[in-house]
Amino acid sequence: MRPDTHALLVIDVQNDFCPGGALAVPGGDEIVAGINALMDEFSAVILTQDWHPADHSSFASQHEGLDPYAVTEMPYGPQVLWPDHCVQGSLGSEFDAGLNTTRADLIIRKGFRRAIDSYSAFFENDQTTPTGLEGYLKTRGITHLTLTGLATDFCVNFSAVDAAKLGFKVEVRTDLCRAIDLDGSLAAATDSMTAAGVTLI
Ligand code: VGL
Ligand code: ZN
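This one's a predicted model, so the numbers in the text were calculated from it and none came from an experiment. (Residues numbered from 1 in each chain as written. Chains lettered and ligands numbered in written order. Predicted model: local features only at pLDDT ≥ 70, side-chain atom pairs only at ≥ 80, totals over all residues. Heavy atoms only, no water.)

Participant: Even after reading the chapter, I still don't get the nonpolar core, so can you show me in this structure?
Facilitator: Counting 55 residues, the largest nonpolar core has Leu99, Phe122 and Leu145 as its most contacted members. If you list the elements that add at least two residues to this core, you get strand 1 (6–11), helix 1 (32–39), strand 2 (44–50), helix 2 (133–139), strand 6 (144–150), helix 3 (152–165), strand 7 (169–178) and helix 4 (185–195). Broken down by element, this core gets its largest block of residues, seven residues, from helix 3. Apart from residues no more than four positions distant in its own chain, leucine 145 is found in contact with Ala7, Phe122, Leu137, Ala163, Phe168, Lys169, Val170 and Glu171. (Core = buried A, V, L, I, M, F, W, Y, C linked by side-chain atoms within 4.5 Å. Buried < 20%, exposed > 50% of the residue type's maximum accessible area, 1.4 Å probe, protein only. Helix = DSSP H or I, 4+ residues; strand = E, 2+ residues; numbered from the N terminus. Contact = heavy atoms within 4.5 Å.)

Participant: What's the story with unusual backbone geometry in this structure? I'm lost.
Facilitator: One can expect most non-glycine residues to show negative phi and most peptide bonds to be in trans. Of the consecutive residues leucine 150 and alanine 151, the connecting peptide bond is found in the cis state with omega at -15°. The topology assignment puts alanine 151 in the loop between strand 6 and helix 3. Positive phi is not limited to glycine here, since tyrosine 69 has a value of about 80°. With respect to the element layout, tyrosine 69 can be found in the loop between strand 2 and strand 3 (71–74). Despite not being glycine, aspartate 181 shows a phi value in the positive range, around 55°. By the element assignment, aspartate 181 lies in the loop between strand 7 and helix 4.

Participant: In this structure, what is going on with the pattern of salt bridges? I would like to understand it.
Facilitator: Any two side chains of opposite charge can pair, given that their charged atoms come close. The full count for this structure, using the stated rule, is ten salt bridges. Put simply, Arg2, Glu41 and Glu171 are held in one network by salt bridges that share partners. (Salt bridge = Lys/Arg side-chain N within 4 Å of Asp/Glu carboxyl O.)

Participant: Looking at this structure, I do not really get the site of ligand 1. What am I missing?
Facilitator: In the vicinity of ligand 1, the residues found are Asp12, Phe17, Leu23, Asp50, Trp82, His85, Leu150, Ala151, Phe154 and Cys155. Here a nitrogen atom of ligand 1 and a side-chain polar atom of aspartate 50 are 3.1 Å apart. Contact distances for ligand 1 include 3.0 Å between an oxygen atom and a backbone N or O atom of cysteine 155. Protein chains bury 100% of the 260 Å² of accessible surface belonging to ligand 1 in isolation. In a pocket analysis with a 2 Å cut-off to the grid points, ligand 1 is assigned to the largest cavity. Grouping the amino acids of the shell around ligand 1 by side-chain chemistry returns seven nonpolar, one polar and two charged. (Near = heavy atom within 4 Å. Polar contact = N/O pair within 3.5 Å; in protein donor to acceptor, adjacent residues only side chain to side chain. Areas by Shrake-Rupley, 256 points an atom, 1.4 Å probe, with all protein chains shown as cover. 1 Å grid on protein atoms, 1.4 Å probe; cavity = no way out; pocket = protein on both sides within 12 Å on 5 of 7 lines; lining within 4 Å. Sits in = over half its atoms within 2 Å of the grid points. Nonpolar A, V, L, I, M, F, W, Y, C, P; charged D, E, K, R; others polar.)

Participant: How should the packing of helix 3 against helix 4 be read in this particular structure?
Facilitator: Where helix 3 meets helix 4, the closest approach of the two axes is 9 Å, and the angle between their N-to-C directions is 10°. Considered as vectors, helix 3 and helix 4 are oriented roughly parallel to each other. From helix 3, Thr152, Asp153, Phe154, Asn157, Ala160 and Val161 reach across to helix 4, where they touch Ser185, Leu186, Ala189, Ser192 and Met193. Partitioned by chemical class, the residues of the contact of helix 3 with helix 4 number six nonpolar, four polar and one charged. (Axes fitted to C-alpha atoms, helices over the stretch in contact; angles between N-to-C directions. Parallel < 35°, antiparallel > 145°, perpendicular 65-115°, else oblique.)

Participant: Is there a simple way to think about the pairing of strand 4 (residues 77–80) in this case?
Facilitator: Regular strands have side chains that alternate between both faces of the sheet. When strand 3 meets strand 4, the two strands line up antiparallel, connected through four bridges. Each bridged residue has a counterpart across the sheet, and for methionine 74 the counterpart in strand 4 is glycine 77. Remark: two residues form the turn of the hairpin made by strand 3 and strand 4, two consecutive strands paired antiparallel. (Pairing = 2+ DSSP bridges.)

Participant: Please explain empty space enclosed by the protein as it appears in this structure.
Facilitator: One way to see where empty space is left: roll a probe the size of a water molecule over the atoms. Summed over the entire model, instances satisfying the criterion amount to one cavity of 30 Å³ or more. In this structure, the largest cavity encloses a volume near 110 Å³. Along its surface, the largest cavity is lined by 14 residues, and Phe17, Asp50, His85, Tyr119 and Cys155 are the ones closest to its centre. (Points joined across faces, edges and corners; volume = space filled by probe spheres on them.)

Pasting the structure below:
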């Protein structure tokens with residue numbers, strides 16, 4: 001058992017990111033059993049849930065003439081356009097049925113504002129709008145985070161880098177993550193996490 005200052009953060013282990021889902025990450029379901037087992041080592045377990053309105057601006061379907069995986073310019077910077085996924089209340093937005101959600105102390109939902117996507121569990125993609133997770137963790141006295149989940153190169157990466165910037169000691173269990181890997185995004189994510197001082201395991 002790790003000390004009470006250590007938390008396990010499980011990123012977006014949801015149906016739409018698992019095989020058969022709208023934005024399936026290859027092997028996304030392979031990590032579920034290992035994540036459940038890892039929960040036993042932690043007194044604090046936090047899950048994130050990608051949670052978009054049906055007309056979310058990160059969906060290619062909202063941009064005339066643009067296809068999924070194209071990059072567009074948003075007021076806050078470049079944004080990859082995705083297939084519709086994790087629509088609030090849909091089956092695709094639910095956690096993978098094998099994930100142990102009973103152990104979760106907190107489920108933090110993100111990406112619920114139509115105009116801003118949110119990869120990170122800490123800040124939306126404008127890099128300034130907070131989700132509230134920093135305050136929750138710091139008021140609980142948590143200083144160390146272990147990250148697992150989907151997808152390595154998007155939500156796990158942005159969450160890990162933000163956590164390190166906020167002063168948490170961060171490790172990513174890459175064996176309990178899976179990547180989308182668009183145009184070298186996994187290599188870029190690995191570089192940015194390493195540069196931010198995140199430990200990759
Ligand atoms: C994610 C793309 C869009 C993720 C979420 O969980 O990595 N990726 N929304
Ligand atoms: Zn999303």
